[in-house]
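Letter by letter, the chains look like this.
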Amino acid sequence: MRRRQIEFGKTWLVIAGLLAVVALPACVTINIYFPAAAAEKAADKIIDEVWQLKQEQEGAQNPPAAAPTTTTP
Amino acid sequence: MKKLLLTGLLSMTLMGGVGLLQAAPDLEANTPVITAIKTSMQTRHAQLQSYYGSGAIGLTQDGYIAVKDASAVPLSQRGGLAGLVKDENSDRARLYKEIAAANGHPEWQGEIQSTFAGRWIDKAQAGWFYQKEGAWVKK
């Protein structure tokens, strides 16, 4: 009975060891992949600044305020 | 013993989850060097803008600019234009390199450059020229 317990413990150790071998490089690999979405976001921000696109858009989005319309009965 | 192992496994799973969450942060693009390059490019753009519009220069497929039609520029301005294009491209090369370095991955330079290449063209004004499969295309 005691022997079986020890064997059971060993199996778990082997499983945990295997998982560690598989999981650790996976954690490292995640950060090596090129973050394409983040790069696009950063590129967009820089291009907007260099070409001053955001300011032009903001200017276009703020047309002179229309005269207030009052509805009198 | 079993409990200990289970706890270990659980914490490893948690760590893995945290790793995944941290996998999509923003790219660092605000170092003093990058800001200086941006300012330099912004100033130059005021001079380049009309050349883009007249088709004298265009955007290349690889994230740079090139003289497309020197005859669209008076002879006296051609030397100046060539200098502007050269300076712009050296700033762009430095920009791609610095962003990769600022994020601790110098090997990303090429991918950052190709990301920019696509975005410059996407954001270009109508009427500007860009290179597609080696040929100039009007946007």
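Our subject is the structure that appears above.
Draft legend 1. Summary view of the overall build of chain A. If you tally the helices and strands in chain A, you get three helices and zero strands. Going from N to C terminus, chain A has its helices and strands arranged as α-α-α. Buried positions account for 21% of the 73 residues belonging to chain A.

Draft legend 2. Region of interest: the environment of Lys132(B). All names here are of chain B. Structurally, Lys132 is set in strand β3 (residues 129-132). Among the residues examined, Lys132 registers a relative accessible area of 47% and is labelled partly exposed. Separated by 73 residues in sequence, Lys132 and Leu59 place their C-alpha atoms 9.5 Å apart. Residues contacting Lys132, with those up to four places away along its chain left out, are Gln61 and Val137.

Draft legend 3. Quick peek at the sheet that holds β3(B). All names here are of chain B. Pairing is mixed in the open sheet, where four strands are placed in the order β2-β1-β3-β4. The outermost strands of the open sheet, each flanked by one partner alone, are β2 (65-67) and β4 (135-138). In this sheet, adjacent strand axes meet at a mean angle of 40° when their direction is disregarded. For β3 and β4, the ladder comprises four bridges, and the chain directions are antiparallel. Each residue of the ladder has a partner; that of Gln131, found in β4, is Trp136. Where helix α2 (residues 32-54) meets the sheet, it contacts β1 (57-59) and β2, and its direction lies at approximately 90° from that of β1.

Draft legend 4. Examining the side chain of Arg44(B) more closely. Residues and elements named next belong to chain B. Tracing the sequence through the fold places Arg44 in helix α2. For Arg44, the side chain forms a polar contact with the side chain of Asp91, separated by 2.9 Å. What Arg44 contacts, discounting residues up to four positions off in sequence, is Leu84, Asp87, Glu88 and Asp91.

Draft legend 5. Here's a closer look at the nonpolar core. Trp51(A), Leu59(B), Leu95(B), Phe116(B) and Trp120(B) are the most contacted members of the largest nonpolar core, which has 39 residues in total. Among the elements of the structure, α2 (36-50) of chain A together with α2, β1, α3 (75-102) and α4 (109-123) of chain B are those that each provide at least two residues to this core. If we ignore the near neighbours within four places in the chain, the residues touching Leu95(B) are Ile46(A), Ile34(B), Ile37(B), Met41(B) and Phe116(B).

Draft legend 6. Molecular detail of the pairing of β3(B). Residues and elements named next belong to chain B. Pairing between β1 and β3: two bridges, direction parallel. Directly across from Leu59, in β3, lies its bridge partner Tyr130. The loop that links β3 with its antiparallel partner β4 comprises two residues; one of these, Glu133, has a positive phi angle of about 50°.

Conventions adopted
- Numbers given for residues are sequential positions, taken from 1 along each chain in its written order.
- Throughout, the order in which chains and ligands are written sets their labels, letters from A for the former and numbers from 1 for the latter.
- Residue-level local features of this predicted model are given only where pLDDT is at least 70; pairs of side-chain atoms are given and counted only at 80 or more, and the full residue set underlies all totals for whole chains, interfaces and linings.
- The basis for the side-chain values is all heavy atoms of the structure; hydrogens and waters are excluded.
- Only DSSP runs of H or I reaching four residues or more are called helices, and only runs of E reaching two or more are called strands; each is numbered from the N terminus.
- Buried, partly exposed and exposed residues are distinguished by accessible area as a fraction of the type maximum, computed with a 1.4 Å probe on protein chains only: under 20%, between the cut-offs, and over 50%, respectively.
- Residue contacts follow a heavy-atom distance rule, with two residues in contact if any of their heavy atoms lie within 4.5 Å.
- By this definition, two strands are paired if DSSP reports at least two bridges between them.
- For helices, the fitted line uses only the C-alpha atoms of the stretch in contact; every axis is such a line through C-alpha atoms, and the angle between N-to-C directions lies from 0 to 180 degrees.
- In protein, a polar contact means a hydrogen-donor-capable atom and an acceptor-capable atom, both N or O and within 3.5 Å, with residues adjacent in sequence counting only if both atoms are side-chain atoms; elsewhere, any N or O pair within 3.5 Å suffices.
- Joining through side-chain atoms within 4.5 Å is the link that ties buried Ala, Val, Leu, Ile, Met, Phe, Trp, Tyr and Cys residues into a set, and such a set is a nonpolar core.

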